[in-house]
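Overview (structure and organization)
So you can see what is in the structure, the chains are spelled out below.
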Amino acid sequence: MEALFTINGKQYIAKPSTIPIETTLNDFIRKHAKLTGNKFMCLEGGCGACIVMLKGVHPVTKQNTSWAVNSCLQNIYSCHGLDIITVEGIESKKMACIKIQKRLADFMELNVDFVSWDGHEYVFIDGSEKWKSDNGRNAFKSLAIDADKKLLDACKDIEDLSDIKMCPKSGNICSGKCSSLLNIEKNPMSFTFDDEREFHKVYTINEIFKIFETIGEKPYILIGGNTAHGVYRRSTDLKVFVDISSVEELKTYKVTENSLEVGGAVTLTEAMEIFTKVANENKNFQYLHEIVKHFDLIANVPVRNNGTLAGNLMIKNAHNEFPSDIFICFEAIGAVISIQSSTKSSWSSYFNKGIEISPKDFIFTDMNKKVLTKITLPAIDPVIFFYRSYKIMPRAQNAHAYVNAAFLVQLNDSKVISAKICFGGIDPKFVHATNTETFLIGENLFENSTLQRALAILNDELKPDWVLPDASPEYRKNLALALFYKFILNIAPNEKVVAKFKSGGEILKRDLSSGTQTFDTYKQNWPLTKNISKIEADVQCTGEAKYINDHPPLPNELHAAFVTAKNVHGEILNIDASKALKMPGVVAFFSAKDIPGTNTFMPPKMMPGTEVEEIFASKIIRFHHQPVGIIVADTMEIANQAAEFVQISYKQTNEIKLILPTLKDVIENEPERVEDFPQFSKMSEGKGIETELKISGRFELGLQYHYTMETQSCLCIPIEDGIDVYSSTQWMDATQMAIADMLKLPNNAVNMNVRRLGGGYGAKISRGNQVACASSLAAYLLNRPVRFVMKIEANISIIGKRYACINYYDVMFDQNGKIQELNSAFTEDFGSSRNEPVHMGTAKFFLNCYDHKFFKVDAKAAVTDAPANTWCRAPGTVEGIGMVENIMDHIAYVLKKDPIDVRIANLPSDSEMHKYLQDFLKSTDYRKRRKEIDSYNINNRWIKRGIAIVPMKYPMEYFGTSHALVSIYHGDGSVSVTVGGIEMGQGLNTKVAQTAAYALGIPLEKVSVKPSNSLTAPNAIVTGGSQGSEISCYGVKKACEILNDRLKPIREKNKNTNWNEIIDKAIEEEVDLAAMYMYKSSDVKTYDIWGASCCELEVDILTGNILIKRVDIMEDVGESISPGIDVGQIEGGFVMGLGYWLTENLIYDRITGELLTNRSWNYKPPGAKDIPIDFRISFLSKSSNPFGVLRSKATGEPSTAMAVVALFALHHALDSARKDAGTYENGYQHNLGAPTTTENIFLAADTTYDQFLLK
Ligand SMILES: Cc1cc2nc3c(=O)[nH]c(=O)nc-3n(C[C@H](O)[C@H](O)[C@H](O)COP(=O)(O)OP(=O)(O)OC[C@H]3O[C@@H](n4cnc5c(N)ncnc54)[C@H](O)[C@@H]3O)c2cc1C
Ligand code: FES
C-alpha cells in the first residue's frame, strides 16, 4: 500500500520501505521531490517559510478545495489523494501567477531572508472563494514585510487575476479537471513500518475505533491537522498515527433553531466560515461574530487552515496550562463537547457510548482511546445575553495569549440573571471566576459600586501562578481585572458611562498600512540613483534563489548537530556517545580531542586581542547549551535526536558557584566581574553652571536575537586538495582562517563560497565560524560531505545576541534643559567571551548630535554565563543613542517641557541638526499633532496617544580591504562581477550591478553579480558596519574605470559604435577585459549620517497593547545609489529596532542558566501588523556626499538606532495615564527600557482596579 499524491502535477508515492513515518511534506518536497523553492526554518508553524498549497476534495462538500498550509506540519502520508503546489509549480512565464510574483517583486522592498509566500499567493489565483477579499489580504499581510498602499492595491489586482485561473502543468487556462487524484478511491489505508510503527488513514469513526481495538497500549496520535506539534514538540515514542482529517462525520455541521453542532475535525478556518454564515442567518447566533473575531487572532492563516477544533481542545486536555482560545470561548458560551469511546462488544454500539460534557469538565477527562466527535453551541438571545471575548498577546498576530477571557452575562435591564466569567493564562486549573459570578447575580451591573465589589472579589480569587517564561502574575492578574472592566464598558448602555471612559470598551483597531517614500533621483546618472527592484526579487519570489541548504544532496552526504552541555561551571569528566552511536543512521561523534589543530573558532589574526573560544568545550562549561561535540548522521532529524543521547559526566565538586546568565544577575551578585575600559571612556571638560536641577536614573537594555530566516548553516565538501566550504558567513576571510587553523591546513586548502545569506544582521560575522569549523572537522575526518543547518532552538540557545547594557546616570541641567554636567556609566554584556566588544562604539554614539563638553561617559563590560554576545545591526549605536535620548526625555519630564525642546537646547549652536530638525518639525506637523494628542488624552482615560522625535548623528567609519573583479565577455558584451561583500538581503548585489552598469555605460541587464569566493576576494573584510555595499560598489567602480581606461582608445577611434562592437574590437586588439581592484579603507573618508524620526502611537491602557499609527523618518543618504534598496534598509532597520524596544524578550532560567525563549512560539519579533500603519520615509533633499562612494551614504544600520523614538512616544502617552492615575509626580518611568513589552507598558501606567469606574 502506498500514499499517492501529486506535486506540481507530477505523481509521487510514499511507502514505508522508502519514506519514514514522520516525514513531513516539507521534508518530502525538499529531499525526495528535490524542490528547494519551499524553505523551512522553525519547523513549528511560526515563521511561514514553508507554506505550500494543497488541493483536494472536501470530505463533506465534495467540492474541489484549495488551502495553504505549513508544509513543516503536514505529514506526508496525510497527503494521500492531494495535489500539492509549491512555488516551482507556478513558475511558468505564461501563467498569470507569474504576474503575481512579478508584481510582488516589483512592489515589495525585499529586505528579507527567504521569501516563501508561494502557497498564499497561489491560493489567490486558484480562485477559491474563501481566499478572496479581506481574508485573503490578511493572509498576505501576515507575509508581506510592509502592507503599504501600493501593495494593497497590487493585492486587489492580484485578486482580479484569480479570474484568469491558469493550469500549472500546461500553462493554459484551467479547465478544472486537471488533477489525476481528485477522484481517488477513499478506502482506509494502513501502513506498517520497519520500526513497527503504523500509519492509518481512515474515513469513518468506526474505523478509528477498529484501530484502537488493535493497538493495545501503544502510544498513538489522531491526526486532525498535525499542527499541535508546533505548540508542544511531541514525543518521539509515538507508535501509531491515525489520520482522521477525511472523516466525514467529524467534518460536518448541523444547525437548528437552538443549536449549532460542529464536527471535531472541522478546521479553525472552516469553523470561522460556518460561524459567520450561521451568525448572519440567525440572530440568536450573532455572538459567533465575536468568536470569529477571536479565532482570527489564533495562530496564523495556514495553521488555522489545517488545525482542528478537537485538536486544539485536546492540547488543552493534555496540557491544562495551554491558554486555548477555543476552549475559553466555548466554555463561556456553554458549549457541549461530545466524546465517543470504544467498546469491545460490537462496532455498532460505539455511538451509544458517547458522553456530553462541558469544556471545563472535558479538560480533566481521560481521553485515552476516545474521539471528540462534535461540539454543540447553543443559540443565545442577543437581547438579554451579552457575550464578549478577548485575547491579549505580545504582538498583533501569531502569538499565544498572556491572558484570554470570555464573558457571558444575562441581564434583565441592568440586573444580572446569570454570569460566566472565564479566564485562561491564570493557572492550569483556573477557568471560572466563580465567586464573582455568584456575587453578580441579582446585582445592577452598571453601577460603580457593583463593579468595584465585583472587581474586589475577582481580585481575591485570581491567583496566577508563575512559570517562566510566562508574564508576571502581577500583570496577568491586573490584565484579567482590566479585561472584565473592558467588557462592562463595552456592553454598558451609553448613558451609564462617562464619555472619558468609553474608549476603554474598545480594542485597538488597525487601519490598512500605507507608506510614502520621498527621494531624489538623477536621471543623467541612471541606472545609478534609479529606483529599481532588487535584482534578486524575481528569483526570490519564484523560489529559484538558492541558499546553502538548497544545494542538492551529495553522494555520501551526512548531516550534523551539536551535542551541548547543560551543567554551567561543570568540568567535563567524560563524554559517552555510545548510546547515540548505536542509533540507526548515526555515523560518528567528534569532540575537542579529535581536532587536529587549534580548538578555537576565533582565529587570532581576525582582530587584535582575540581570545580563544572553543569550538567544542574541552573542560569547563561556560554557558547552558555550550557545544561539546558534533554528531553526524544520515539525516538532520537523526543527528538532532542522537545528540540528545550523548551523556556528559562532570567532576564532582563541593564548590557551589552561582549561575549568572544575565547582566543584571552579574551586577547584583558579582559586581567584581564588571571591567572598566577607561581608554574608551569619554572624559568631560569640566562642568557648566551649578544648578539645583538634577536627575539620576538607571536604564536597562536587554539582549536581541538576530532572527535570521536562514539559521547558521554550512556545507563542507572534502576535495582532492582541501575542502570546499559553502558557509552562511558574513566574513569569508575569518571563516577560512578558523577552519584552516583547526584542521592544520594551509589557508589555500580552504575554498570559501558564498552565494547569499538568508539574513545576517551581525549573527554571521563570527558566530557562523563555530558551525563551519564543526562541520569541516567532520567532513575532513570522514572524507564525506557534511551539511549542518542549525535547528531554531539550537540557533537561539547557542548563538550570542546583541549586547545587553545597563546605564546609571547623574545629570545636572539648567532651566532650558541644557546639560551642565553628565556622569554616565554603562556596562555592556559580553556574554561568556570578550571577543566582540562594543563598548567603544557605545561610548562614541552616546554623544549623538549633542554638545558633549560636559559629558563624562564611563565604558564598562562584564562577562556573564551565557553565550558570547556578538555584533547585531548597529551594535553599540542602538544602546548609545538610546541611553542619551533617555536622559533627554528624563530632563524634559522634570522641567515639564516638550522633550524636543530639551533636545534642541542641547545641540551645539553651530550644528547642522538645527536646520534639519526645524524642517522635520514642519514636515511632520509635530507641534500641532502634539497639542491635539494632549487634548485627546485629557478626554480619554483608557486609550492614550503619544508622539516623540529623536534626532540622530551617525559617524560612519570604514575599515579593511575588499576586492572586486569585473569581467567582460566578448561573445555578447555581457559583464560578470564578483565582490568581497556578501549579499544577505540588504541589496548589495543590486547596488553593485547599478554601479557597474553606470561606470561602464551599459544597460543594467548586461550585468550579472556572481557569488563571492575566497579566490577572487582573498582577505576580504567583513560585510558589516553598514559598509559592505558601499565598499563593494567602490571596488566595482574602480575596476570598471580600469576597464574604461583600457577601452578608451578603442572608443575614441570608434565613435558612435555600440558596446558589443567595442568589445569585439577590444578582443581583436587583445585588450584584457577582466579587471580587479582592491578597495582599502583610505579610499573613503569618514562622514556623518544625519537623521530624525518621529513616532505617533496609541496605547490601550487596559491591556498594554499599542498601535504605531505613524512614523516619519528623515535620513541623509547622500545621493542614494539605489533609492528603493535604501528605503528597504531604512524601513527594515527601523522595524528591527522596534522589535528590540517593544517585543523581543529573552528570558533565562536563573537556576540552570537555560534560555527559555528559544522558539518562534515564545520569541516574538514584530509581525506585519506591528509595523507603523502610516510609514513615511524621506531622504534629505539635495544631499550629496563628497567623501562617500559615488556621493552616497550608508543606510544599513542607522535607522535601527532611531527606533528608540517609539519608547519616548510611549512615555508621552503613559505620562497622561499616570496623571490620571495620580502617580505622574512619583517620578520618571525609568523602569522602561528594552524591551518595553505589552506587560511593561500596562504596569507602567500604574493602573489599579479602583480606577475602573463607569461614571
Ligand atoms: C504556530 C501556532 C500558533 C498557535 N497559536 C494558538 C493560539 O494563539 N491560540 C490557540 O488556542 N491555539 C493556538 N495554536 C494551536 C492550534 O490551534 C492547534 O495546533 C490546532 O488547533 C490543533 O489541531 P490539529 O487538528 O492540528 O491537532 P493535531 O496536531 O492533529 O492533534 C492534536 C492532539 O489532538 C488529538 N486529536 C485530534 N483530533 C482529535 C479528535 N477528534 N478526538 C480526539 N483526539 C483528537 C490528537 O491525538 C493529538 O493528541 C497554535 C498552533 C501553532 C502551530
Ligand atoms: S518552517 Fe514551517 S512555519 Fe516555519
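Along every chain, residues carry numbers that run from 1 in the direction the sequence is written. Chain letters start at A and ligand numbers start at 1, both assigned in the order the entries are written. A pLDDT threshold of at least 70 governs which residues receive local features in this predicted model, and a stricter bar of 80 or more applies before side-chain atom pairs are shown or counted, although totals over entire chains, interfaces and linings include all residues. To obtain the side-chain values, all non-hydrogen atoms of the structure were included, while hydrogens and water were left out.

Test applied: UniProt positions are given in the numbering used here, feature names are shortened, and annotations may be inferred rather than shown by experiment.
As recorded in an unreviewed UniProt entry, the chain goes by the name Indole-3-acetaldehyde oxidase, listed as coming from Polypedilum vanderplanki. Checking UniProt for the chain, the heading Subcellular location (unreviewed entry) contains the comment "Peroxisome".

**Quick notes on the overall build of the chain**
We apply this condition: Note on conventions: DSSP H or I runs of at least 4 residues are helices, E runs of at least 2 residues are strands, and numbering of each starts at the N terminus. Think of it in three bands: with a 1.4 Å probe and only protein chains considered, a residue is buried below 20% of the maximum accessible area for its type, exposed above 50%, and partly exposed in between. Contacts are assigned to residue pairs that have any heavy atoms within 4.5 Å of one another. Here the Shrake-Rupley method, with its probe set to 1.4 Å, supplies the accessible areas, and only the displayed protein chains count as covering residues. The charge count includes Lys and Arg as positive and Asp and Glu as negative, but it does not include His or the ends of the chains. Throughout, a charge is located at the NZ atom of Lys, the CZ atom of Arg, the CG atom of Asp or the CD atom of Glu.
From N to C terminus, the chain includes 36 helices and 41 strands. Counting only C-alpha atoms and orienting by the principal axes, one finds that the chain spans roughly 95 × 80 × 75 Å. Counting all 1255 residues of the chain, 65% fall into the buried class. Considering only contacts in the chain between residues 6 or more positions apart, those separated by 24 or more positions represent 77%. Roughly 44600 Å² of accessible area belongs to the chain as shown, and the carbon and sulfur atoms make up 51% of that amount. Once the 136 positive and 151 negative side-chain charges of the chain are each reduced to a mean point, those two points are 2 Å apart.

**Side note on the UniProt feature "binding site: Mo-molybdopterin" (unreviewed entry) in the chain**
On the UniProt side, "binding site: Mo-molybdopterin" (unreviewed entry) is annotated at positions that read Gln 730, Arg 873 and Gly 1025 here. Across 296 residues in sequence, these annotated residues keep their C-alpha atoms within 12.6 Å of one another, forming a single compact spot. Relative to the assigned elements, Arg 873 resides in the loop between β32 (855–863) and α26 (877–895). In this structure, Gly 1025 sits in the loop between β37 (1012–1013) and α31 (1028–1053). Setting aside its immediate chain neighbours within four residues, Gly 1025 contacts Met 956 and Glu 1197.

**Points about the environment of Glu 261**
Residue position: Glu 261 is located in strand β11 (residues 259–263). Linking Glu 261 and Phe 1134, residues 873 residues apart in sequence, is a C-alpha distance of 47 Å. Those residues in contact with Glu 261 that sit more than four places away from it in its chain are Thr 252, Tyr 253, Lys 254, Lys 374, Ile 375 and Thr 376.

**Overview of the site of ligand 1**
Keep this limit in mind: Nearness of a residue to a molecule or strand requires only that one of the residue's heavy atoms be within 4 Å of it. Here a polar contact means two N or O atoms within 3.5 Å. Within protein one must be a hydrogen donor candidate and the other an acceptor candidate, and residues neighboring in sequence count only if both atoms are side-chain atoms.
Lining the immediate environment of ligand 1, one finds 34 residues, of which Gly 225, Thr 227, Thr 308, Asp 325 and Lys 391 sit closest. Between ligand 1 and Lys 391, the relevant distance is 2.6 Å, taken from an oxygen atom to a side-chain nitrogen or oxygen of the residue. Taking 970 Å² as the accessible area of ligand 1 by itself, protein coverage stands at 94%. Secondary-structure elements contributing two or more residues to the shell around ligand 1 are β8 (220–223), α11 (309–318) and β14 (370–378).

**Describing the confidence of the model for the chain**
Our working rule: The predictor attaches a confidence to each residue, and that confidence, scored 0 to 100, is pLDDT.
For the chain, per-residue confidence averages 92 on the pLDDT scale, and residues scoring 70 or more make up 92% of the total. Scored below 50 in pLDDT, residues 92–97 shows 19 contacts in the model against residues more than four places distant or in partner chains. A low-confidence stretch, residues 155–164 stays under pLDDT 50, and its non-local contacts, those more than four residues away or across chains, total 26 contacts.

**So, the nonpolar core**
The condition that has to hold: Here the nonpolar core consists of buried residues drawn from Ala, Val, Leu, Ile, Met, Phe, Trp, Tyr and Cys, with membership extended through side-chain atoms lying within 4.5 Å.
Within the largest apolar cluster, 244 residues are counted, with the highest numbers of intra-cluster contacts made by Phe 423, Phe 484 and Trp 1141. The element best represented in this core is helix α16 (residues 473–491), accounting for 12 residues. With near-sequence residues (within four places) excluded, Phe 484 lies in contact with Phe 407, Ile 421, Leu 440, Leu 451, Ala 454, Leu 455 and Leu 458.

**Description of the UniProt feature "active site" (unreviewed entry) in the chain**
UniProt annotation of "active site" (unreviewed entry) refers to Glu 1197 when read in the numbering used here. By the element assignment, Glu 1197 lies in the loop between β41 (1174–1179) and α34 (1198–1202). Residue class for Glu 1197 comes out buried when judged on its relative accessible area of 8%. The residues contacting Glu 1197, other than those within four sequence positions of it, are Arg 873, Ala 874, Pro 875, Tyr 954, Gly 1025 and Ser 1026.

**What about the environment of Tyr 850?**
Relative to the helices and strands, Tyr 850 is located in the loop between α25 (839–846) and β32. Under the relative-accessibility criterion, Tyr 850 is labelled buried at 2%. Between the C-alpha atoms of Tyr 850 and Pro 908, which are 58 residues apart in sequence, the distance is 6.2 Å. Look past the residues within four positions of Tyr 850 in its chain and what remains in contact with it is Phe 855, Val 884, Glu 885, Met 888, Arg 903, Asn 906, Leu 907, Pro 908 and Pro 951.

**Section: the packing of aromatic side chains**
Here is the rule: Note on ring pairs: Phe, Tyr and Trp rings are taken, using the six-membered ring of Trp, and paired if centres are within 6.5 Å. Classes follow the plane angle, with under 30 degrees stacked, over 60 edge-to-face and the rest tilted. The criterion for a charge sitting over a ring is simple: Lys NZ or Arg CZ within 6 Å of the ring centre, and within 35 degrees of the ring normal.
The full count for this structure, using the stated rule, is 46 aromatic pairs. Centre to centre, the rings of Phe 846 and Phe 855 are 6.1 Å apart; their planes meet at 80 degrees, and the pair counts as edge-to-face. Phe 855 matches Phe 846 in its accessibility class, with the two residues each being buried. What links up through ring pairs into an aromatic cluster is the set Tyr 390, Phe 407, Phe 423, Phe 430, Phe 484 and Phe 487. Positioned above the aromatic ring of Phe 1208, the side-chain terminus of Arg 903 is 5.0 Å from the ring centre. Residue placement shows Lys 1219 over the ring face of Tyr 1224; its charged tip is 4.7 Å from the ring centre.

**Points about the pairing of strand β39 (residues 1087–1100)**
Inclusion rule: In this description, strands pair whenever DSSP reports at least two bridges between them.
With respect to burial, β39 is a largely interior element, 13 of its 14 residues being buried. Inspection of the sheet shows strand β33 (residues 943–956) paired to β39 by 14 bridges, in the antiparallel sense. In the sheet register, Ile 947 faces β39, and the bridge partner there is Glu 1096. Where β39 lies against strand β40 (residues 1106–1115), 9 bridges are found, and the strand directions are antiparallel.

**Overview of the side chain of Ser 797**
Relative to the helices and strands, Ser 797 is located in helix α24 (residues 792–798). One polar contact links the side chain of Ser 797 to the main-chain carbonyl oxygen of Glu 793, over a distance of 2.8 Å.

**Structural notes on the pattern of salt bridges**
Inclusion rule: We define a salt bridge as a side-chain nitrogen of Lys or Arg found within 4 Å of a carboxyl oxygen belonging to Asp or Glu.
If you walk through the whole model with that rule in mind, you get 72 salt bridges. Note that Asp 865 and Arg 673 form a salt bridge whose closest N and O atoms lie 3.1 Å from each other. Taken as a pair, Asp 865 in the loop between β32 and α26 and Arg 673 in the loop between α21 (663–669) and β24 (674–676) lie far apart in primary sequence, 192 residues in all. An identical accessibility class is assigned to Asp 865 and Arg 673; each is buried. A salt bridge links Asp 1088 to Lys 953; the shortest N-O distance between them is 4.0 Å. Here Asp 1088, found in strand β39, pairs with Lys 953, found in strand β33; they are 135 residues apart in sequence, far enough to count as distant. Accessibility expressed as a relative area gives 27% for Asp 1088, which makes it partly exposed. Among the residues examined, Lys 953 registers a relative accessible area of 23% and is labelled partly exposed. One continuous salt-bridge network, built from bridges that share partners, spans Glu 22, Asp 195, Arg 197 and Arg 234.

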